[in-house]
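Observations on chain architecture
What follows is the residue order along each chain.
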Amino acid sequence: MRELGIELNVYTFSCLIKSFAGASAVTQGLKTHALLVKNGLMRSSIIRTSLVDMYFKRGKIKLARRVFEEMDERDVVVWGAMIAGFAHNRLQTEAIKYVRWMRKEGMDPNSVILSTILPVIGEVGARNLGREAHAYVVKTKSYSKQLFIRSSLIDMYCKCGDMGSGRKVFYGSMERNAISWTALMSGYISNGRLEQALRSIIWMQQEGFKPDIVTVATILPVCAQLRALRQGKEIHGFVVKNGFLPNVSVVTSLMMMYSKNGVLEYSSRLFEGMEKKNVIAWTAMIDSHTERGRPQEALGVFRSMQLSKHRPDSVATARMLSVCGELRALKLGKEIHGQVLKKDFGSIPFVSAEIVKMYGVCGANEKAKLVFDAFPVKGSIIWTAIIEAYGYNSRYQDAINLFKQMRSGGFSPNHHTFKVVLCICARAGFADDGCHIFNLMARRYNVKPSEEHYSSIIGLLTRVGRIEEAQRYLRLQLRSETLTP
């Protein structure tokens, strides 16, 4: 166009910048930005908003922020681009901060910004801020009638653990659709109310709403967890009848549902019947075999995947490292570790954690420690992995010392960390340590003890002859189960 002498206007540049946002074309984007400055087109709000969007989508947060901060006048669209950009890059605190700043500047969020920020509020569990947003929605009556806003409110409350408010929004709505029903089901699932989630798909259809692909993909894992094979088969029938089966998400959910219910041949049949297998489908087949205690078959699928055009991603690699541990296949584990380094997956916490555990299970504790030491920023996942690795090799006191180091370094143990450490105490017979750690879990870290936690501490105290204390923990467990809704 430039060679033909055709003048490029704001809208041409805006379309060009959008194309850079969707492709790995940061250099071209920067050149275009320079050209816009040179031609004096940077005053346009459309251009600046397009640049903000492009930089965020390419992960250039500082550049996006600079473009925004250089604007004299900011409209609701550019505020929305900033908030969406932070949300897209998992910078939830920044997204919330910019909403507050926007309000302070006297700008009201529109429906697009509300639908962006409500999931962010849910992710960080900021229920009070969510209530403020809800009050604003009610105040602006036009937004309160919009179904996608109401669905976002349901989702937000449920993610904040406030099922009561989520249900109130849902049942207070005169109009519902598949999206709002799916939001309610997701809420039940995230709050551990799986039976209600499963019943909701029936109630939804009784109200005349047809489940869509997202609804089906949401509810199938529930059938897997509850071992609800009959309902899973019914949903499979619905899927076939409505032509959902080419969808990879639905097929992989069906595969996992059948494998969890012990019908692995159905999982294999679904997998083999897929015309276009992707990495998710291959990983689901590996998971299906692993779930049924068939690590050799999982290894075979992994080898076939390596020979296909789909190369294992970080998730598939982590699964196979776990299988290597199960098979005590140290040689293969080292081979996969090499692939991890080659693909630069080593910086991903869950992948490095599986490497540490694999070496630990295979008795190569020094290797596990080397991987642990090399990891730059250690979180609870990698700390738990090294503690577990020492436990595998009966180095119980070292494992407990590592747990103490983890705490003194300011890292918070999670539910799984406490499960691992209490199991180590049980195997080693460390009754005093076990009691101290159990009490830390509930009082210091506010982690609610599970059946496994109680089982470890009760078993440990019983084995060392401290029967009265074991009975006290048993009474605590029974009381806890009675109080749980």
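Fair warning: this is a prediction, and the values are worked out from it, not measured in the lab.

On to the overall build of the chain, then. The helix and strand tally for the chain stands at 29 helices and zero strands. With respect to the three principal axes, the spread of C-alpha positions in the chain is 85 × 55 × 50 Å. The buried share of the chain, taken over its 485 residues, is 48%. On the chain, roughly 24800 Å² of surface is accessible, and the fraction owed to carbon and sulfur atoms is 53%. One finds the centroid of the 67 positive side-chain charges in the chain at a distance of 0 Å from the centroid of its 42 negative side-chain charges.

Bringing the environment of D162 into the picture now. Mapped onto the secondary structure, D162 falls in the loop between helix 10 (147–159) and helix 11 (163–171). We classify D162 as buried; its relative accessible area is 10%. Along the backbone, D162 and G125 are 37 residues apart, and their C-alpha atoms lie at a distance of 9.7 Å.

Right, let's talk about the nonpolar core for a bit. Counting 145 residues, the largest nonpolar core has V52, V356, I386 and I387 as its most contacted members. Excluding anything up to four places from it in sequence, I387 contacts A399, L402, F403, M406, V420, V421 and I424.

For helix 21 (residues 330–343), spanning 14 residues, the distance from its first C-alpha to its last is 20 Å, which sits close to the expected 20 Å at 1.5 Å a residue. When helix 21 is considered as a whole, its buried residues turn out to be L332, G333, I336, H337, Q339 and V340. Projection of helix 21 onto a plane perpendicular to its axis shows the buried side chains occupying an angular sector of 160°, all on one side. Turned more than 90 degrees from where helix 21 packs its buried face, K331, L341 and K342 sit exposed. Where helix 21 ends, the next residue or the one after it, D344, has phi of about 60°, a positive value.

What follows covers a positive patch on the surface. Residues R443, R472, R475 and R479 make up a contiguous surface patch of positive charge. For the positive patch, the element with the most residues is helix 29 (residues 467–483), which contributes three residues. Relative to the elements of secondary structure, R479 occurs in helix 29.

What follows deals with empty space enclosed by the protein. Evaluation of the coordinates by the stated rule reveals one cavity of 30 Å³ or more. By volume, the largest cavity is sized at about 30 Å³. Secondary-structure elements contributing two or more residues to the lining of the largest cavity are helix 10 and helix 11. Ranked by the residues each element gives to the lining of the largest cavity, the list is headed by helix 10, at three residues.

The next subject is the packing of aromatic side chains. As enumerated under the stated definition, the model contains 20 aromatic pairs in all. Here the aromatic rings of F56 and F86 are separated by 5.0 Å at their centres, their planes lie at 70°, and the arrangement is edge-to-face. Highlighted residues: F56 in helix 3 (residues 45–57) and F86 in helix 5 (residues 76–88), separated in sequence by 30 residues. We classify F56 as buried; its relative accessible area is 1%. Here F86 falls in the buried class, since its relative accessible area comes to 0%. Between F86 and Y98, the aromatic rings sit 4.8 Å apart at their centres with planes inclined by 50°, giving tilted as the arrangement. One end of the pair, F86, is in helix 5; the other, Y98, is in helix 6 (residues 92–104), and twelve residues separate them in sequence. With respect to class, F86 is no different from Y98; both count as buried. Three or more aromatic residues joined by ring pairs make a cluster, and in this case those are F56, F68, W79, F86, Y98 and W101. It is R444 that lies over the ring of Y445; its NZ or CZ is 4.9 Å from the centre.

Our next topic: the layout of surface pockets. Each pocket or cavity is described by its volume, and for the largest pocket that value is around 400 Å³. What lines the largest pocket is a set of 17 residues, and nearest its centre among them are R319, S322, E326, E354 and K357. Of all the secondary structure elements, the ones that give two or more residues to the lining of the largest pocket are helix 18 (279–291), helix 20 (314–327) and helix 22 (349–361). By residue number, the principal contributor to the lining of the largest pocket is helix 20, which donates seven residues.

Moving on: the side chain of Q306. Tracing the backbone through its elements, the reader meets Q306 in helix 19 (residues 295–307). Exposure remark for Q306: the relative accessible area of 17% places this residue in the buried category. Here Q339 takes part through its side chain, which lies 3.5 Å from a polar atom of the side chain of Q306. For Q306, the residues in contact, after removing those within four places along its chain, are R311, P312, E335 and Q339.

This next bit is on the confidence of the model for the chain. Chain-level pLDDT for the chain is 89 on average; 90% of the residues reach the 70-or-more range. Note on residues 1–6: pLDDT is under 50 here. Beyond four places in sequence and across chains, it has five contacts.

Attention now moves to helix 17 (residues 264–272). Three or more residues of helix 17 are buried, namely L264, S267, L270 and F271. All buried residues of helix 17 fall inside an arc of 120° around its axis, so they share one side. Projecting away from the buried face of helix 17 at angles above 90 degrees are the exposed residues R269 and E272.

What counts as what
- Residues numbered from 1 in each chain as written.
- Predicted model: local features only at pLDDT ≥ 70, side-chain atom pairs only at ≥ 80, totals over all residues.
- Heavy atoms only, no water.
- Helix = DSSP H or I, 4+ residues; strand = E, 2+ residues; numbered from the N terminus.
- Buried < 20%, exposed > 50% of the residue type's maximum accessible area, 1.4 Å probe, protein only.
- Areas by Shrake-Rupley, 256 points an atom, 1.4 Å probe, with all protein chains shown as cover.
- Lys, Arg positive; Asp, Glu negative; His and termini not counted.
- Charge placed at Lys NZ, Arg CZ, Asp CG, Glu CD.
- Core = buried A, V, L, I, M, F, W, Y, C linked by side-chain atoms within 4.5 Å.
- Contact = heavy atoms within 4.5 Å.
- Expected span 1.5 Å × (residues − 1).
- Arc of directions from axis to C-beta.
- Patch = residues over 30% accessible without salt bridge, like charges linked within 9 Å, V, L, I, M, F, W, Y side chains within 5 Å.
- Salt bridge = Lys/Arg side-chain N within 4 Å of Asp/Glu carboxyl O.
- 1 Å grid on protein atoms, 1.4 Å probe; cavity = no way out; pocket = protein on both sides within 12 Å on 5 of 7 lines; lining within 4 Å.
- Points joined across faces, edges and corners; volume = space filled by probe spheres on them.
- Phe/Tyr/Trp six-rings, centres within 6.5 Å; stacked < 30°, edge-to-face > 60°.
- Lys NZ or Arg CZ within 6 Å of the ring centre and 35° of its normal.
- Polar contact = N/O pair within 3.5 Å; in protein donor to acceptor, adjacent residues only side chain to side chain.
- pLDDT = per-residue confidence, 0-100.

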